[in-house]
Amino acid sequence: MKKIGIIVAMDKEFVQLRELLSNVSTTPIHHKDFVTGTIADKEIILVQAGIGKVNAAVGTVELINAFQPDAVISSGCAGGTGPLMNVTDMVAATEMTYHDVYCGPENLSGQVQGMPVTFKGDERLLRTLSEMMLPVTVHQGLIVSGDWFVDSPEKMLQIYNDHPDAIAVDMESAAIAQVCYIYKVPFLSLRVISDMPLNENQPEQYAGFWAKLADNSFQVVKQLIEAV
């Protein structure tokens, strides 16, 4: 893999990752700034697509059409569900699906009709990640996505009842994965846990996470890119 696209949703993530790039330049395409640069011997294309499924999908299509990356990585944050997880741990998605999609009784929960039940994370990227010495704990498993900021234990329990295997919830990963599936581009979602929505003190956790944004998560992205 010599050309890797990175998609983020928010300003803070974009600024942190941009600082990891060398030889930086910016190309505006359809009101989005695509920042190109290098990490080691890899060409990187970074874009802040915005929050939610539609923004994520549009940004991914623009990235693939304009730059033809060998792989796409989504970097950002997610709410964790695993009992052994802590804020600032990371999750790498082996599979992704939606928690807010229902296409009738002939489809499983989260499945878009005509699409797989889940979209798979790229095996090569996942294997490389699992073999690396990393500064944080990385959990691998199912990420579920939807256009809902999960800010209460009640909402998280509702999602968890439909997707008991989920280890994290976010607002973009499955949409990016669906686009990459359609375009046949390897994809990995790599997220840092910002909060645990099943905990009563979730709002304080989330605010505290952004106050001390976990720099380690962006170093993991950098290490992964250097290793593949």
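Residues numbered from 1 in each chain as written. Predicted model: local features only at pLDDT ≥ 70, side-chain atom pairs only at ≥ 80, totals over all residues. Heavy atoms only, no water.

### Describing the pairing of strand S10 (residues 187–195)
Phase 1: The element S10 is extensively covered by neighbouring structure, given that 9 of its 9 residues are classed as buried.
Phase 2: Alignment of strand S5 (residues 71–80) against S10, held across 8 bridges, turns out to be parallel. Opposite Ser74, over in S10, you have Ser189 as the bridge partner. (Buried < 20%, exposed > 50% of the residue type's maximum accessible area, 1.4 Å probe, protein only. Helix = DSSP H or I, 4+ residues; strand = E, 2+ residues; numbered from the N terminus. Pairing = 2+ DSSP bridges.)

### With respect to unusual backbone geometry
The phi angle of most residues is negative, glycine excepted, and most peptide bonds adopt the trans form.
Phase 1: Positive phi values are uncommon outside glycine, yet His30 reaches one of about 50 degrees.
Phase 2: Residue position: His30 is located in the loop between strand S2 (22–29) and strand S3 (32–39).
Phase 3: We classify His30 as exposed; its relative accessible area is 59%.
Phase 4: Although it is not a glycine, Ala40 adopts a positive phi angle of roughly 55 degrees.
Phase 5: In this structure, Ala40 sits in the loop between S3 and strand S4 (42–48).

### Some points on the pairing of S5
Phase 1: Of all 10 residues in S5, 10 are buried, a share of seventy percent or more.
Phase 2: One ladder, built from 4 bridges, connects strand S1 (residues 3–8) with S5; its direction is parallel. The partner of Ile6 across the bridge, within S5, is Ile73.
Phase 3: As paired strands, S5 and strand S9 (residues 166–170) are joined by 2 bridges and run antiparallel to one another. For Gly79, the partnering residue across the bridge sits in S9 and is Val169.

### Concerning the side chain of Gln178
Phase 1: Inspection of the secondary structure puts Gln178 in helix H5 (residues 173–183).
Phase 2: For Gln178, a relative accessible area of 17% puts it in the buried group.

### Focus on the environment of Pro116
Phase 1: Tracing the backbone shows Pro116 in the loop between strand S6 (90–98) and strand S7 (119–120).
Phase 2: Each C-alpha atom of the pair Pro116 and Thr97 lies 9.0 Å from the other, and the pair is 19 residues apart in sequence.
Phase 3: Those residues in contact with Pro116 that lie beyond four places of it in its chain are Gln111 and Tyr181. (Contact = heavy atoms within 4.5 Å.)

### Considerations on a nonpolar patch on the surface
Phase 1: On the surface, Tyr181, Ile182 and Tyr183 cluster together to form a nonpolar patch covering roughly 300 Å² of accessible area.
Phase 2: As for its position among the elements, Ile182 is in helix H5.
Phase 3: Taking the relative accessible area as the measure of exposure, Ile182 reaches 45% and is therefore partly exposed. (Patch = residues over 30% accessible without salt bridge, like charges linked within 9 Å, V, L, I, M, F, W, Y side chains within 5 Å. Areas by Shrake-Rupley, 256 points an atom, 1.4 Å probe, with all protein chains shown as cover. Salt bridge = Lys/Arg side-chain N within 4 Å of Asp/Glu carboxyl O.)

### So, helix H2 (residues 53–67)
Phase 1: Taking 1.5 Å per residue as the helical rise, H2 with its 15 residues ought to reach 21 Å, and the 21 Å between its terminal C-alpha atoms agrees with that figure.
Phase 2: Once H2 finishes, Gln68 follows within two positions and takes phi at roughly 45 degrees, a positive value. (Expected span 1.5 Å × (residues − 1).)

### Brief notes about the environment of Ala175
Phase 1: Checked against the element boundaries, Ala175 lands in helix H5.
Phase 2: For Ala175, a relative accessible area of 6% corresponds to the buried category.
Phase 3: Distance from Ala175 to Phe119, taken between C-alpha atoms, is 9.5 Å for residues 56 residues apart in sequence.

### Remarks on the pattern of salt bridges
Phase 1: For the coordinates displayed, the defined rule picks out 8 salt bridges.
Phase 2: Shared partners join several salt bridges into a network, and the residues in it are Lys2, Asp41 and Lys42.

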